[in-house]
Amino acid sequence: MSTPALPPTSRRWRPALEAVALPVGAVLVALLLFGVFCAVQGANPLSVFKAIQRASFGSWYSFQNTLIRAAPLILTALCTALPARLGLIVIGNEGALVVGGLAATAAGLAAASAPPVVALTIMVLAGMAGGGAWIGLVGLLHYQRGVNETISGLLLNYVAIAVLSHLVNGPMRDPASLNKPSSYSFAETHQLGGIASSNVHYGLVFGVVFAVFAWVLMEHTTFGFKARMIGGNIRAARMAGLPVARLGITTCLLGGAAAGLAGMVEVAAIHGRANESLAAGYGYAGILVAFVARFRGLPIILVAVLLGGILASGGILQRQFKLPDATILVFQGIVFLCILFSDSLYGRFACFKEKTA
Amino acid sequence: MKHTRSLLLFATALSTAVAAFAAEMSVGFIYVGPKDDYGYNQSQSEGCAGIQKLPWLKATEEASVPETTAAQETMRNMIELEGASLIFPTSFGYFDPHILKVAKQYPKVQFLHCGGLYDATKHPANVGSYFGYIDEAVYVAGIVAGHTTKSGKLGFIAAKPIPQVLRNINAYLLGARSVNPAATVQVVFTGDWSVPVKEAESATSLINQGVDVLTCHVDSPKVIIETAERRGVYVTGYHVNGAKLAPKGYLTGAEWNWTKVYTDYAEAVKAGKTLAAGTIPHLVRGGLKEGFVSISPYGPAVSAAAKKDAEAAKAGLIEGSLVIFKGPLKDNTGKEILPAGKAYLQQDLALESMGWLVDGVIGGTKG
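Residues numbered from 1 in each chain as written. Chains lettered and ligands numbered in written order. Predicted model: local features only at pLDDT ≥ 70, side-chain atom pairs only at ≥ 80, totals over all residues.

(A) Layout of the overall build of chain A. Scanning chain A for helices and strands turns up 14 helices and 0 strands. Each helix and strand of chain A, ordered N terminal to C terminal, gives the series α-α-α-α-α-α-α-α-α-α-α-α-α-α. Radius of gyration (C-alpha) of chain A: 22 Å, near the 21 Å computed for a compact globule of 357 residues. Along the longest, intermediate and shortest principal axes, the C-alpha atoms of chain A span 75 × 60 × 35 Å. When the 357 residues of chain A are sorted by exposure, 50% land in the buried category. When contacts within chain A are restricted to residue pairs at least 6 apart in sequence, those whose partners lie at least 24 apart make up 77%. (Helix = DSSP H or I, 4+ residues; strand = E, 2+ residues; numbered from the N terminus. Rg over C-alpha atoms; globule rule 2.2 N^0.38 Å. Buried ≥ 20, exposed ≤ 12 C-beta atoms within 10 Å, placed from the backbone. Contact = placed C-beta atoms within 7 Å.)

What follows is the structure, encoded as structure tokens:
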């Protein structure tokens, strides 16, 4: 809501600069802190930075690793980001991913005789339906019974993982999978392959499309406007006659569908079956991505690629610098703490303020 | 003169570079957990440290690599960036789909997997698998436990009711019963490979029920050994020597000796042998005799009689006169497994799909 004294939104370049300068500055500060950590551990910080760059963004080969790491994070981040615009803090991403993966597996095995395109489409729909229903339940409990959505989402993660464990050890188990209980696997033709001849799978495309969809939905439609209004002031939204519960549950369904799709990609592109490797922590990493991206669709893609790059460079620090395996978690922690802290600095610097008149 | 010198220098530099390149065979090791877990991953990392001593070899390690695309990424990096010609992805869950996928992309690299899943009809020819008959060492530890227990109650904390684990539980009970026919083994399944809190709780609850010798089959026995020592009961270890964690109560333990296995493989690859050509066998197994497994040095609480019986069993297993799984054998629901006179030898495939617990084990196979 600009005051008449300010130039129109399109010409306000200073806040735009602020939105870029603050995170970039935060990353630089993080590099400095991490450099000190490396020096203490006996590694030359400059060669460590060079190695991180080489292993994450330095060549097409290593950038593929970064993109593979980023793909599931984009989808799971949306599970927190979408409901967050209505003021809900949903952290049931891991559970939604697992349920989506299970639903996709069940559907894929049931459709094993269908042509690959049909079977994969059914799996996508089943994965989204499974994940959507899981987080939809969180929304339903919140709006109908007043249950705290953060707690119910967290607890449903444990329920989902227990259900996964039960199913792959029992009803869905392939008796030939002796020492690592798993479901039956899909035929190779019914798996989601790589993009062209690269190592990157189609999960990345799903993620980017879903993130762009989320961005358009939230920033450029009336649905998104209503959702943001609820997030801004729920009482005002109710007074204005908005169907708060319906919008909220719908958004939860969409967020859950994104995480469920991530689960579908895990089973269809990577494991070829369901087993306990499905719960690999992508859901929890997605929460971090969503917060750092301030719940916006497009920044989520960037932040997921950044985190993917950080994770992809973890190995080289161990193999070539003999740093401990937790080093990359230290780096990740420092980077994200700095970015989150920089959030509190918006509006603190005079140089980023528009001059009135 | 100046020219000759610089030329000479250049030639020396070139030859050292070539020598360094030719002299070093690059080998990669991948672990699912930390290298210092007093457990499975440490045993593997000790194997890696063991072959590092070979002057013509350079080994790189990466720890805490989950069973996701991260495992594929690490294998590719070891090949592309460090030029590895031999890779040991050591976690059981790395095999399908991760090793299978990367092995197809790099047919010249040898992939060796711990756990014994190779199937010539289904898997790429440059993949092989190896495993040790660690139940032999567990059986010997069971003898020591059977001698040492006063209550006759032994406790076994296990991750999951899968064949590899059930085989160890059964071997432990059979070892203990061979010297103490009244001994029982109470089993607790924690449900996962590394859940230290549940493992500590299970140890405490078993000790409260009167169990006075504990053992386990989880990724890291550390917390179980420490809990036993703190509560003043005995413990036998698994994966690596845990004596440091329990100087008083540590009796002995079943240990892996991967250095032997990895040295054999590295030398074969250096000699130009490959899995695809069939000059390296696709399936390699071994027990006490082959030096794949061993038992920890006896602790201070082990009696002379226990040592004597344990050593006799060890000798019997090595020369083949002692068979662990032989009839008459019943499971703990009363069903007959083996009639008198029949036996499963170590390499018998029936043992690799074991789904039963022998009579004397308290607990079910459903977890």
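(B) Spatial organisation of helix H3 (residues 69–80) of chain B. Residue and element names in this part refer to chain B. A rise of 1.5 Å per residue sets the reference length of H3, with its 12 residues, at 16 Å; its end C-alpha atoms lie 16 Å apart and thus fit the reference within 8%. Most of H3 is tucked away: 11 of the 12 residues are buried. Within the span of H3, buried status applies to Thr69, Ala70, Ala71, Gln72, Glu73, Thr74, Met75, Arg76, Asn77, Met78 and Ile79. (Expected span 1.5 Å × (residues − 1).)

(C) Seen up close, helix H1 (residues 13–40) of chain A. All names here are of chain A. With 28 residues, H1 extends 41 Å from end C-alpha to end C-alpha; this agrees with the ideal 40 Å at 1.5 Å per step. Among the residues of H1, those classed as buried are Leu22, Pro23, Ala26, Ala30, Phe34 and Cys38. Tucked inside the fold, the buried residues of H1 contact helix H2 (45–56) and helix H14 (327–342). Trailing H1 by a residue or two, Gly42 shows a phi angle of about 90 degrees, which is positive.

(D) Inspection of the environment of Pro23 of chain A at higher detail. Turning to its location among the elements, Pro23 of chain A is positioned in helix H1. Separated by 318 residues in the primary sequence, Pro23 of chain A and Phe341 of chain A have C-alpha atoms spaced 9.5 Å apart.

(E) View of the packing of helix H3 (residues 60–84) of chain A against helix H7 (residues 203–220) of chain A. All names here are of chain A. Between H3 and H7, the least distance of the axes is 8 Å, while the angle of their chain directions is 30 degrees. Between H3 and H7, the interaxial angle falls into the category roughly parallel. Regarding H3 and H7, the two cross each other, and that crossing is left-handed. Packed against H3, whose contacting residues are Leu67, Ala71, Pro72, Ile74, Leu75, Leu78, Ala81 and Leu82, the element H7 presents Gly203, Leu204, Phe206, Gly207, Val208, Phe210, Ala211 and Ala214 at the interface. Of the residues belonging to the contact of H3 with H7, the class tally is 14 nonpolar, 2 polar and no charged. (Axes fitted to C-alpha atoms, helices over the stretch in contact; angles between N-to-C directions. Parallel < 35°, antiparallel > 145°, perpendicular 65-115°, else oblique. Left-handed = near helix turned anticlockwise from the far one by under 90°. Nonpolar A, V, L, I, M, F, W, Y, C, P; charged D, E, K, R; others polar.)

(F) Here's a closer look at the nonpolar core. All names here are of chain B. Of all hydrophobic cores here, the largest spans 112 residues; its most connected members are Ile169, Leu214 and Val235. Three or more residues apiece are contributed to this core by two domains, here domain 1 (25–132 + 258–286) and domain 2 (135–255 + 293–362). With residues up to four places along the chain from it excluded, the contact list for Leu214 reads Gly155, Ile157, Ala203, Leu206, Ile224, Ala228, Val233 and Val235. (Core = buried A, V, L, I, M, F, W, Y, C linked by C-beta atoms within 7 Å. Domains from an automatic or database assignment.)

(G) Structural detail: the interface of chain B and chain A. The interface is formed by 23 residues belonging to chain B together with 16 residues belonging to chain A. Listing elements by their share of the side of chain B that touches chain A, those giving two or more residues are strand E2 (57–62), H3 and helix H6 (163–179) of chain B. Tallying contributions element by element places H3 of chain B first for the side of chain B that touches chain A, with 5 residues. Partitioning the side of chain B that touches chain A into residue classes produces 7 nonpolar, 10 polar and 6 charged.

(H) Highlighting the sheet that holds strand E9 (residues 234–239) of chain B. All names here are of chain B. Taken in spatial order, the 7 strands of this open sheet run E12-E10-E9-E8-E6-E7-E17, and their pairing is mixed. The open sheet terminates on both sides in strands that have one partner only, identified here as strand E12 (293–295) and strand E17 (361–362). Examined bridge by bridge, strand E7 (residues 184–189) and E17 share 2 bridges and lie parallel to one another. The residue of E17 that forms the bridge with Gln186 is Ile362. Contacting strand E6 (153–158), E7 and strand E8 (213–217), helix H7 (residues 196–208) crosses the sheet at an angle of about 170 degrees to E6. (Pairing = 2+ DSSP bridges.)

(I) Representation of the domain arrangement of chain B within the structure. Residues and elements named next belong to chain B. In terms of domain boundaries, chain B breaks down into domain 1 (25–132 + 258–286) and domain 2 (135–255 + 293–362). For domain 1 and domain 2, the distance between their C-alpha centres works out to 29 Å. Contacts between domain 1 and domain 2 engage 11 residues on the former and 12 residues on the latter.

(J) Representation of the packing of helix H4 (residues 93–110) of chain A against helix H5 (residues 116–145) of chain A. All names here are of chain A. For the pair H4 and H5, the least separation of the axes is 7 Å and the interaxial angle reads 145 degrees. The interaxial crossing formed by H4 with H5 has right-handed handedness. Taken together, the residues of H5 that come into contact with H4 (itself represented by Gly95, Ala96, Leu97, Val99, Gly100, Gly101, Leu102, Ala103, Ala104, Ala106, Ala107 and Gly108) are Ala119, Ile122, Met123, Ala126, Gly127, Met128, Ala129, Gly130, Gly131, Trp134 and Ile135.

(K) Looking closely at the sheet that holds strand E1 (residues 25–30) of chain B. Residues and elements named next belong to chain B. The strand order across the open sheet built from 6 strands is E2-E1-E3-E4-E5-E11, with neighbouring strands paired in parallel fashion. With partners counted over all chains shown, the strands left at the sheet margins are E2 and strand E11 (283–286), one partner each. Averaged over all pairs of adjacent strands, the angle between strand axes in this sheet comes to 20 degrees, irrespective of strand direction.

(L) Spotlight on the pairing of E6 of chain B. Residues and elements named next belong to chain B. When you tally the buried positions in E6, you get 5 out of 6 residues, the bulk of the element. Here E6 runs beside E7; their pairing, made up of 6 bridges, is parallel. The partner of Leu154 across the bridge, within E7, is Val185. Where E6 and E8 come together, 5 bridges link them in parallel fashion. Residue pairing in the sheet places Leu154 in a bridge with Val213 of E8.

(M) Quick look at the pairing of strand E10 (residues 250–256) of chain B. Residues and elements named next belong to chain B. In terms of burial, E10 is largely enclosed, as 7 of its 7 residues are buried. Bridge count between E9 and E10: 4 bridges; the pairing is parallel. Bridging across to E10, Gly237 finds its partner in Gly253. The pairing of E10 with E12 spans 3 bridges and is classified as antiparallel. By the bridge assignment, Trp256 is partnered in E12 with Val293.

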